[in-house]
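Structure at a glance
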Amino acid sequence: MAGYGADVMYAMSVVCAVGLAIFVFGMVSFFLLSFVVYLRSTWRTGKTGRTTLGFFHPYCNAGGGGERVLWAMLRAIEKLEDRQNIDVVIYTGDKEEGEEILANVRRKFGIDLKGSVSFVRLRLRKLIDPATYPRFTLVGQSIGSILLGMEALLKRPANIFVDTTGFAFTYRFAKTASLRVVAYVHYPTVSLDMLASVEDKEGEGQENLVHLRSAQSGWKRSLKLRYYRKFAESYGVYGSGADVVYVNSSWTARHIRHIWKLKPFLLYPPCDVAGLRDFPLSNRVNNIVSIGQFRPEKNHALQLKALHAYLAQKEAKDDVQLVMIGGVRNDGDRQRVAELRQLAGELGVEKHFKILENAPYSQLREELSRAKAGIHTMWNEHFGIGVVEYMAAGVVPIAHNSGGPKADIVCTDEELRTGYLATTVEEYAAAIHSVMSASEKDIVSIARRARDASGRFSDEQFDTNVLRTISLWEDHDSDDEREEQQPRNERKEKAE
């Protein structure tokens, strides 16, 4: 037994020694590689006199809202007087040729960049794909993002590292290489609400956090909570390495302030409101339009239940129809659409309901031009571009009473009302009743205020706010002067 115990102790000491050696080797490699990036970036700047902006966006050709922010930032940068002295680099794992990507940007977003843009191809993009990590997905993606960020900067060093995707664990490597770090945060990887939902299994919104559903039993919930708290601590340490932080909503700002201990700039994402503001506000039909991908967190079932509750009222109008418009990408989406049609049949509202799958933009515009109300049911939507599009089109929004729609977009003060907020089936049904029973004069007044308010989220306003703060990207002496930019809502504007 004594010999066995000695063997065990020896084996453990070997394992510890190997682990320590790996750790030391990793740290030494980390600092050596960051020093290489520092030398190459300073050498390039000294030789050419040009500043390199490196945008970290591994899926730059995806065509979503996050990509719109990236390309809109580049559009704003083109307005700088010294644009000719700036090299713009995009770190991406997309394989399409640069011209094809830029053509997609013109077609999808209407953004035509005149200046040159270079693309640095990343071979390790799979390291941030959630499908790569069936377990401990957040940790796996975070470690993978560090390696992907190292690949990016080693292939093409930059003076300013701009992350427009939210991979905060890349910041420390960039900072160790003495680079300035700029971040645009669409949503925090770990939020206070996520921690609360694990701590309280009855917490609101639990059904929308699919990845936390396993945290129902006591010991599992406790273990899950420890895991997320430890991860949140690490997320805060790495995120605090950013020099300039933009957030897309007041909701996101609150979480970033708490976790990263930084004061972010509130920079609403650019919304294409100009193309929706020419629809007439009067003579709308009693349609309720719903725009959004058929994902679980969108909670389309709540919309059908609200419609059913409204139609059960004596004062309900018989011609009300709910029109859902969304992209169907895969088998999962098709299954959810089938379930929604089944639920409509079970509730007896199928005559008042239709789904338009993969509708062209022209058909979406037609529905927005006719509808009286627009419904949104996602809990804690980080911003809510769809809600802004409703408002620009003159469609009265009925949005979830949480997240960005509550904090920044919809005003419910009676004299300044631009829409309605709701949480439960009953509240949504009451909001639908309010819109459908309102006089033409009242509903046009709300729609006009909503359309006017949507201008705060325009492309032009986005460009202005970027240019107003861009000097901080490379101004090391002004960090202590920055203040969080508060949103200007309708109440403040009226008071002024």
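Because the structure is predicted, anything quoted here is derived from the model rather than measured.

Moving on: the overall build of the protein chain. When helices and strands are tallied, the protein chain shows 17 helices and 13 strands. The buried share among the 496 residues of the protein chain stands at 50%. In the protein chain, 73% of the contacts between residues at least 6 apart in sequence involve partners at least 24 apart. Working note: accessible area of the protein chain is about 23,600 Å², and carbon and sulfur atoms make up 54% of it.

Glancing now at the environment of Arg 107. Position of Arg 107 among the secondary structure elements: in helix H3 (residues 98–109). Arg 107 gets classed as exposed once you look at its relative accessible area, which sits at 62%. Each C-alpha atom, one on Arg 107 and one on Gly 63, is 9.9 Å from the other, the two residues being 44 residues apart in sequence.

Moving on, we come to the packing of helix H2 (residues 65–77) against H3. Where H2 contacts H3, the two axes come as close as 11 Å, and the packing angle between them is 105°. For the element pair H2 / H3, the angle class is roughly perpendicular. On the side of H2, the interface is formed by Glu 67, Arg 68 and Trp 71, while H3 contributes Ile 101, Leu 102, Val 105 and Phe 109. Grouping the amino acids of the contact of H2 with H3 by side-chain chemistry returns five nonpolar, no polar and two charged.

Applying the stated criterion to the full structure yields 21 salt bridges. For Glu 297, the salt bridge goes to Arg 295, with nearest N and O atoms at 2.5 Å. You can call Arg 295 partly exposed: its relative accessible area is 25%. The salt bridge partner of Lys 354 is Glu 367, with a shortest N-O separation of 3.9 Å. Remark: Glu 367 occurs in helix H11 (residues 361–370) and Lys 354 occurs in strand S10 (residues 353–357); sequence separation between them is 13 residues. The network of salt bridges with shared partners includes Arg 68, Arg 75, Lys 79, Asp 459 and Asp 463.

Every buried residue of helix H12 (residues 385–392) is listed here: Val 387, Val 388, Tyr 390, Met 391 and Ala 392. In this structure, the buried residues of H12 make contact with strand S8 (287–291), H11, strand S11 (373–375), strand S12 (396–400), helix H13 (403–409) and helix H15 (440–453). Phi for Gly 394, located one or two positions after H12, is positive at around 80°.

As a further point, take the pairing of strand S3 (residues 118–121). Strand residues, when the strand is regular, have side chains that alternate between the two faces of the sheet. Looking at chain direction, strand S2 (residues 86–92) and S3 are connected through four bridges and run parallel. The partner of Ile 90 across the bridge, within S3, is Phe 119. Where the polypeptide runs from S2 across H3 and back to S3, its parallel neighbour, the crossover connection is right-handed.

Moving on, we get to the sheet that holds S10. Neighbouring strands of a sheet are bound in pairs by backbone hydrogen bonds; such pairs are parallel or else antiparallel. Spatially, S10-S9-S8-S11-S12-S13 is the arrangement adopted by the six strands of the open sheet, whose pairing is parallel. Both edges of this open sheet fall to S10 and strand S13 (420–422), since each of them pairs with a single strand only. Adjacent strand axes in the sheet meet at a mean angle of 25° when their direction is disregarded. Examined bridge by bridge, S12 and S13 share three bridges and lie parallel to one another. Note on S13: the bridge partner recorded for His 400 is Ala 422. Where helix H9 (residues 300–311) meets the sheet, it contacts S8, strand S9 (321–326), S10 and S11, and its direction lies at approximately 170° from that of S9. Most of the contacts of helix H10 (residues 331–347) go to S10, to which it runs at about 170°, and overall it touches S9 and S10.

Another aspect to go through is the sheet that holds S3. The parallel open sheet is built from seven strands, whose spatial order is S3-S2-S1-S4-S5-S6-S7. Taken across any chain shown, the strands that pair with only one partner, and hence form the sheet edges, are S3 and strand S7 (265–266). Looking at chain direction, strand S1 (residues 51–56) and S2 are connected through six bridges and run parallel. Its bridge partner being in S2, Phe 55 is matched across the sheet by Ile 90. Each of strand S5 (180–185), strand S6 (244–247) and S7 touches helix H8 (residues 250–260); the most contacted strand, S6, lies at about 145° to it.

Before going further, it helps to spend a moment on the confidence of the model for the protein chain. In the predicted model, the protein chain carries a mean pLDDT of 84, and 80% of its residues have values of at least 70. Low confidence marks residues 201–215, where pLDDT is under 50. Its contacts with residues over four positions away, or in another chain, come to 36 contacts.

Conventions used here
Residues numbered from 1 in each chain as written. Predicted model: local features only at pLDDT ≥ 70, side-chain atom pairs only at ≥ 80, totals over all residues. Heavy atoms only, no water. Helix = DSSP H or I, 4+ residues; strand = E, 2+ residues; numbered from the N terminus. Buried < 20%, exposed > 50% of the residue type's maximum accessible area, 1.4 Å probe, protein only. Contact = heavy atoms within 4.5 Å. Areas by Shrake-Rupley, 256 points an atom, 1.4 Å probe, with all protein chains shown as cover. Axes fitted to C-alpha atoms, helices over the stretch in contact; angles between N-to-C directions. Parallel < 35°, antiparallel > 145°, perpendicular 65-115°, else oblique. Nonpolar A, V, L, I, M, F, W, Y, C, P; charged D, E, K, R; others polar. Salt bridge = Lys/Arg side-chain N within 4 Å of Asp/Glu carboxyl O. Pairing = 2+ DSSP bridges. Right-handed = clockwise from strand over helix to strand, strands pointing away. pLDDT = per-residue confidence, 0-100.

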